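This is what each chain is made of:
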Amino acid sequence: MRGLSRGLVLTLVLTLVAAVGGTWIGARYIYDQRHQPSLHEFVHEELKLTVDQRARLEVLEQDFAVRRRAREAELRAANAELARAIQARHEYSPEVKAAVERFHDAMGALQEETILHVLAMRSVLTPEQAAQFDQRIGEALTEQAP
């Protein structure tokens, strides 16, 4: 009986290890097949940038990071305002409506900042790089995988 219990436990442990290993390997395979590089990865790793282009893009990215953080802070503030307005009356009150509009304005401003940044990045690229960039942007905006 004792040997059977050890054998059963060993079988269960090996089965668990095999299942976890198989799941991990499968997940990595699927991820590797579906993972499309971010725009940042695409630009920096696939467009073969010159040293000058890298330096110019770094300046643009640092500037955008500051503006993006400010816009994201506005989104968080608008969300907090919305939460307070909902908690105050538990109905779609004028305060809730105003908070929703504030959130939409902040979201729109972030989207506009992002589009301006993307266009600024494009201006640093050669015509050949810009064509690849444009295709990648079109795929991203229409959710089409390459």
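Above: the structure in question.
Residues numbered from 1 in each chain as written. Predicted model: local features only at pLDDT ≥ 70, side-chain atom pairs only at ≥ 80, totals over all residues. Heavy atoms only, no water.

### Looking at the overall build of the chain
Along its length, the chain carries five helices and zero strands. Put simply, the chain runs from its N terminus to its C terminus through helices and strands in the order α-α-α-α-α. Contacts spanning at least 24 positions in sequence make up 66% of the contacts within the chain whose residues lie at least 6 apart. Summed over its atoms, the accessible surface of the chain is roughly 10,800 Å², and 61% of this surface lies on carbon and sulfur atoms. (Helix = DSSP H or I, 4+ residues; strand = E, 2+ residues; numbered from the N terminus. Contact = heavy atoms within 4.5 Å. Areas by Shrake-Rupley, 256 points an atom, 1.4 Å probe, with all protein chains shown as cover.)

### Details of the nonpolar core
Core analysis: the biggest nonpolar cluster contains 12 residues, these being F42, V43, L47, L49, L57, V118, M121, V124, L125, A130, F133 and I137. Contributions of two or more residues to this core are made by α2 (39-46), α4 (94-122) and α5 (127-142). Other than its neighbours up to four places away in sequence, V124 contacts Q53, R56, L57 and L60. (Core = buried A, V, L, I, M, F, W, Y, C linked by side-chain atoms within 4.5 Å. Buried < 20%, exposed > 50% of the residue type's maximum accessible area, 1.4 Å probe, protein only.)

### A look at α2
Of all the positions in α2, only F42, V43 and H44 are classed as buried. Where α2 is buried, its residues contact α3 (51-89), α4 and α5. K48 sits one or two positions beyond α2 and adopts a positive phi of about 50 degrees.

### Brief notes about α5
In a regular helix each residue adds 1.5 Å, so 16 residues correspond to 22 Å; α5 covers 22 Å between its end C-alpha atoms and thus fits that length. Those residues of α5 that are buried lie in contact with α2, α3 and α4. (Expected span 1.5 Å × (residues − 1).)

Coordinates in, geometry out; function isn't part of it.
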